[in-house]
Amino acid sequence: MKLRDRGRLELRRNGEKVGLYFESNIPAKYKHPELKETVKGEGIKIELPVEIRDVVNLYLSMKTFEESFKEPVLFKKGSAVLSFHKTPSKPMTLVIYGVNPDKNEAGLYYLDVLNYTYVLLLAYFKEFLSKYPALSFTEGNVEFGYSKEDKMLIVYDRDLEKHHYIEEEEIAIMQELLGNYFKNNTLYTHSFTPDRNIYIDKITEKFVVNDKEFDFTTFEKLVYLTQM
């Protein structure tokens, strides 16, 4: 989609992968690999192949912007890089930076997350992802997947090599818990599996999977995953 008159960010279907396209006419600096010095590119047009789960991760990070992007979300192919990150000088701004040294191109875009354009971008990502029957993202060594056909969450703990299944009724409770938290600033402790190995704790506001504690943001992302 168009980022006003100075940039463009698109998701393009490309078989099993997705083409992530970024265009900006705003110049940016980069370190030239041959000259070994910092030079300025006059903008960029770049498309990188990415996995669908990487698109999900980017969307969920953008959706939870204030708590996310502790580290940049990076996409690479050869020497070409696309980066999505925050900057201390503009805490409510998503910075999109692309560089392709092979073409002497570098460009960036500053996107205010309180701006109407950001809302449209989130909607664009959500609509694109809605076409896929199964989506997933990973936090640490735990993978969270959602099957739209089965209306089921699958949580896989790689350390324990253990799967957990969260069915439709519990997913509805997750959604209501998050909605109530944002509306009334109230949270309840609740277990989402019969063995009580996956739960949210109202005191610590931690989301727990087996012996692993995650920040509330992970729970938030999981709920958003079920709404795509």
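See the structure above.
Residues numbered from 1 in each chain as written. Predicted model: local features only at pLDDT ≥ 70, side-chain atom pairs only at ≥ 80, totals over all residues. Heavy atoms only, no water.

Describing the nonpolar core
Within soluble globular proteins, side chains that are nonpolar tend to cluster in buried spots. Note the following rule: Throughout this description, the term nonpolar core refers to a set of buried Ala, Val, Leu, Ile, Met, Phe, Trp, Tyr and Cys residues connected via side-chain atoms within 4.5 Å. Three exposure classes are used, based on accessible area relative to the maximum for each residue type with a 1.4 Å probe and protein chains only: buried under 20%, partly exposed in between, and exposed over 50%. Strands here are runs of E lasting at least two residues and helices are runs of H or I lasting at least four, both read from the DSSP assignment and numbered beginning at the N terminus. Two residues qualify as a contact provided that any one of their heavy atoms is within 4.5 Å of a heavy atom in the partner residue.
Phe84, Leu94, Phe207 and Phe219 are the most contacted members of the largest nonpolar core, which totals 73 residues. Looking at this core, the element that brings in the most residues is helix α1 (residues 52-63), giving seven residues. Contact partners of phenylalanine 207, with chain neighbours within four places excluded, come to Phe144, Phe192, Ile198, Tyr199, Ile200, Lys212, Glu213, Phe214, Asp215, Thr218, Phe219 and Leu222.

Topic: the pairing of strand β10 (residues 105-112)
Basically, it comes down to this: Being paired, for any two strands, means DSSP has found at least two bridges between them.
Bridging between strand β9 (residues 90-100) and β10 involves eight bridges; their strand directions are antiparallel. Across the sheet, the residue bridging to valine 95 is tyrosine 110, located in β10. Between the antiparallel neighbours β9 and β10 lie four residues, among them asparagine 104 with a positive phi of about 55 degrees.

Some points on the environment of leucine 48
Mapping leucine 48 onto the fold places it in strand β6 (residues 44-50). A residue is classified by how much of its surface remains accessible, and leucine 48, at 3% relative accessible area, is buried. Along the sequence, leucine 48 and leucine 58 sit ten residues apart, while their C-alpha atoms lie 14 Å from each other.

A word on the packing of α1 against helix α2 (residues 116-129)
Stated precisely, the cut-off is as follows: What counts as an axis is a line fitted to C-alpha atoms, over the stretch in contact for a helix, and the angles between N-to-C directions run from 0 to 180 degrees. The scheme is simple: roughly parallel for angles under 35 degrees, roughly antiparallel for over 145, roughly perpendicular for 65 to 115, oblique for anything else. Left-handed describes a crossing in which the near helix is turned anticlockwise from the far one by less than a right angle; the clockwise case is right-handed. We call Asp, Glu, Lys and Arg charged. Ala, Val, Leu, Ile, Met, Phe, Trp, Tyr, Cys and Pro are nonpolar, and the rest, Gly among them, are polar.
In contact at an axis separation of 10 Å, α1 and α2 are set at 150 degrees when each is read in the N-to-C sense. Put simply, α1 runs roughly antiparallel to α2. Once α1 is placed against α2, the crossing between them reads as left-handed. Listed contacts from α2 to Ile52, Val55, Val56, Leu58, Tyr59, Met62 and Lys63 of α1 are Tyr118, Leu121, Leu122, Phe125, Lys126, Phe128 and Leu129. Residues belonging to the contact of α1 with α2 are distributed by class as follows: twelve nonpolar, no polar and two charged.

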